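Here is what each chain is made of, one letter per residue.
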Amino acid sequence: MKRTRSLPLLLALWCGALSLTHAAIQLPAIFTDHMVLQQGQPVPIWGTSDPDEDITVTMGAQQQQATADADGRWQVKLDPLTASIVPAELKVSGASGIATVKDVLVGEVWICSGQSNMQWTVKQAANAEQEIAAADFPQIRMFSLERTPAMTPQTDCKGTWTPTSPATAGEFSAVAYYFGRHLHRALKVPVGLINTSWGGTRVEAWTSRVALDERPCATEMLEDWEKLLNSWDPVIEESSFKARKEAWQAKVKAIQKANAALAAGAEKAPLPPAPRPPDDPTKTPHYPAVLFNGMIAPLIPYAVKGAIWYQGESNQRRAFQYQELLPTMINDWRSRWNSKFSFYIVQLASYGNRQPPTTEPGQDDTWVELQEAQYLTALTLPRCGLVVTNDIGEKDDIHPKNKQEVGRRLALWALAKDYDRDTTVFSGPLYKTSTIEGNTIRIDFDHVGGGLKTRDGGPLKHFQILGEGNAWHWAEARIEGDQVLVSSPGVVSPLGVRYAWAAWPEGANLINAEGLPASPFRTDDALPSTLGVVSPFKENLPAR
């Protein structure tokens, strides 16, 4: 005989389910299964529930309590945790229900952010097949945020924590993964990597609007964006795009018809590029602050050890503005986390596929000026470091494949500065001071390690020297102890030196004995007094 439940019982169960669904405790996406919590510092845990609800957070033997505010928001701080590879549960309970996060490890957590060279995956990088097959590191976990711009700061994001395995590692950020792998092998603790990156993006998109509003160098840029936003009409834009597309299609057909009528072997006319669809300023990743709002704000105040940053390609035509905006972003993040956490910058690698190329001494080059802005940021801000990658750039590819070495060099900084590995040589030579001695300029460096040398064993290359009449000359350079002496037969009274001062400095070969390369530098104008062009909307941007 078939049984049926009574209508009153079904209604009661249905109403109970509704009540639980409505009132259930909610945790942000960063608190999900497989997450890694930071060891050795207070750990904020937060979420939402019923207003005024008493909340208990349990992690192992530790319990912390809080009461939700009138909007249902609550937060507790766990006392510092000890690194652990034993999977644990984080349980949040209250009158409205229980939320449980499983397989929680405790170790070291790092934010990994920037544009395409940070976004670049393991499967896109060098030796992908072998690296993916060997990626059996379940204690290395990556939280990858869904790429989401937002016009206002968000309280949550979309993403999942994923343990490393051959089935998952191919989609990981390569730089982040190789950085985390080096830390994991050296420290023997779990490593959590928060990948919040987006190709082609600019530093201002990753910075809060409040911080940008305080910077005079951003005023014109912000005004331009505001004008664009205020003039945006999606109906008009779509109509204009439709007209451009129809005109393009007609032109393509005409060219294809003309090409088809050509005699055999005749050169065919090229087809014009398709028009770009309208770019809604409220949805673009380039609008100032939108990536901070959508991809940084939801992470605050998750406990982290520090951040690694690989970005700058999209700002390289505004290098002197970047010299102010990058420190602004770093200070902004630190202020909002209420932590002066470490911040390590990957300096842009050399790249030769740019027009016009820099081939003669004394030429300005916006690419190397951006590299200089990164160097100056690392030099002037506390707890910052610079990873030089000039030696692993690829002439025709803005995305160098050797992400393993980038990750290793980032880890060298962290191991030396954050984990007391004082014996580690963690940087290549960085320009310190210069002294004019007759017709020679003597250069001193920090981070000479075991001594200065050249990568190929030959003479130093790609040094230039400034002489009388503001004329630059290719220079002769030689190593003397921990210094470099630079001169030129045609220069009697030298005024300055530049090294590797080009986007593609062919043959630049100064390293330390540990094989880490020297950063490009100049002694003639290391601290420019003007920020130059500040708006990305202006055409034909000059170098200064």
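Definitions and cut-offs
- Residues numbered from 1 in each chain as written.
- Predicted model: local features only at pLDDT ≥ 70, side-chain atom pairs only at ≥ 80, totals over all residues.
- Heavy atoms only, no water.
- Helix = DSSP H or I, 4+ residues; strand = E, 2+ residues; numbered from the N terminus.
- Buried < 20%, exposed > 50% of the residue type's maximum accessible area, 1.4 Å probe, protein only.
- Contact = heavy atoms within 4.5 Å.
- Areas by Shrake-Rupley, 256 points an atom, 1.4 Å probe, with all protein chains shown as cover.
- Lys, Arg positive; Asp, Glu negative; His and termini not counted.
- Charge placed at Lys NZ, Arg CZ, Asp CG, Glu CD.
- Pairing = 2+ DSSP bridges.
- pLDDT = per-residue confidence, 0-100.
- Axes fitted to C-alpha atoms, helices over the stretch in contact; angles between N-to-C directions.
- Salt bridge = Lys/Arg side-chain N within 4 Å of Asp/Glu carboxyl O.
- Expected span 1.5 Å × (residues − 1).
- Arc of directions from axis to C-beta.
- Core = buried A, V, L, I, M, F, W, Y, C linked by side-chain atoms within 4.5 Å.
- Phe/Tyr/Trp six-rings, centres within 6.5 Å; stacked < 30°, edge-to-face > 60°.

*Asks:* Sorry, what's going on with the overall build of the protein here?
*Replies:* Along the protein, the regular secondary structure elements total eleven helices and 23 strands. The buried share of the protein, taken over its 544 residues, is 52%. Of the contacts formed within the protein by residues at least 6 apart in sequence, a portion of 74% connects residues at least 24 apart. About 24700 Å² of surface is accessible on the protein, with carbon and sulfur atoms providing 52% of the total. With 52 positive and 60 negative side-chain charges, the protein shows a separation of 5 Å between the mean positions of the two kinds.

*Asks:* Is there a simple way to explain the sheet that holds strand β18 (residues 472-474) in this structure?
*Replies:* Overall, antiparallel pairing links the four strands, which are arranged β18-β17-β21-β23 in an open sheet. Edge strands, defined here as strands with exactly one partner in the open sheet, are β18 and β23 (521-522). With two bridges connecting them, strand β21 (residues 496-499) and β23 associate as antiparallel partners. When the bridges of β23 are listed, R498 appears paired with R522.

*Asks:* Even after reading the chapter, I still don't get the confidence of the model for the protein, so can you show me in this structure?
*Replies:* Low-pLDDT portions of the prediction should not be read for the details of their coordinates. A residue-level look at the protein finds 92% of positions with pLDDT of 70 or above and a mean pLDDT of 92. Below pLDDT 50 for its whole length, residues 1-22 participates in three contacts with residues either more than four positions away or in separate chains. Confidence drops under a pLDDT of 50 for residues 526-544, and excluding neighbours within four residues, the segment shows 50 contacts in the predicted structure.

*Asks:* Even after reading the chapter, I still don't get the sheet that holds strand β20 (residues 483-487), so can you show me in this structure?
*Replies:* In any sheet, the strands associate via hydrogen bonds between backbone groups, in a parallel or an antiparallel arrangement. Spatially, four strands are ordered β14-β15-β20-β19 in an open sheet, and the strand pairing comes out antiparallel. Bordering the open sheet on either side are β14 (430-437) and β19 (476-480), each of which pairs with just one other strand. Strand-to-strand twist in this sheet, taken as the mean axis angle between neighbours without regard to direction, amounts to 25 degrees. When β19 meets β20, the two strands line up antiparallel, connected through five bridges. When the bridges of β20 are listed, A477 appears paired with V486.

*Asks:* Mind showing me how you'd approach the pattern of salt bridges here?
*Replies:* Pairing between side chains of opposite charge can happen when their charged atoms approach one another. Across all of its chains, the model carries 22 salt bridges by this definition. When the shortest N-O distance is used, the salt bridge between K123 and E171 registers 2.7 Å. With K123 in the loop between α2 (116-119) and α3 (128-133) and E171 in the loop between β9 (159-164) and α4 (174-187), the pair connects residues that are 48 residues apart, well separated along the chain. Judged by its relative accessible area of 47%, K123 is partly exposed. D456 is paired through a salt bridge with K461; the nearest N and O atoms lie 3.6 Å apart. The class for D456 is partly exposed, based on a relative accessible area of 46%.

*Asks:* What am I meant to see in helix α6 (residues 219-231) here?
*Replies:* Residues spaced three or four apart along an α-helix point in a common direction, a consequence of the helix completing one turn every 3.6 residues. Taking 1.5 Å per residue, 13 residues should reach 18 Å; α6 reaches 18 Å between its end C-alpha atoms and fits that length. By the burial criterion, the buried members of α6 are M221, L222, D224 and W225. In an axial view of α6, the angular spread of the buried residues amounts to 160 degrees, which keeps them on one side of the axis. In α6, the exposed positions that point more than 90 degrees away from the buried face belong to K227, N230 and S231. Residues of α6 that are buried make contact with α5 (209-213) and α9 (319-337).

*Asks:* How should the nonpolar core be read in this particular structure?
*Replies:* The biggest cluster of nonpolar side chains holds 103 residues, and the ones touching the most others in it are I194, Y302, W309, W333, F343, F463 and V484. Broken down by element, this core gets its largest block of residues, eight residues, from α9. Apart from the residues lying within four places of it in its own chain, the contact partners of F463 are H473, W474, A475, A477, V484, V486, V497, R498, Y499, L510 and F521. Residues C112, M118, Y178 and V387 belong to the second largest nonpolar core, which totals 41 residues.

*Asks:* Would you mind showing me how to read the packing of aromatic side chains here?
*Replies:* All told, the structure shown has 22 aromatic pairs when counted by the stated rule. Arranged with centres 6.0 Å apart and planes meeting at 65 degrees, the rings of W333 and F343 form a pair that is edge-to-face. In this pair, W333 is assigned in helix α9 and F343 in strand β12 (residues 342-346), connecting sequence segments ten residues apart. For the pair W337 and F341, a centre-to-centre distance of 5.7 Å together with 80 degrees between the ring planes defines the contact as edge-to-face. The pair W337 / F341 is uniform in exposure class, with both members buried. Cluster of aromatic residues (ring-pair linked, three or more members): F31, W46, F143, W161 and Y302.

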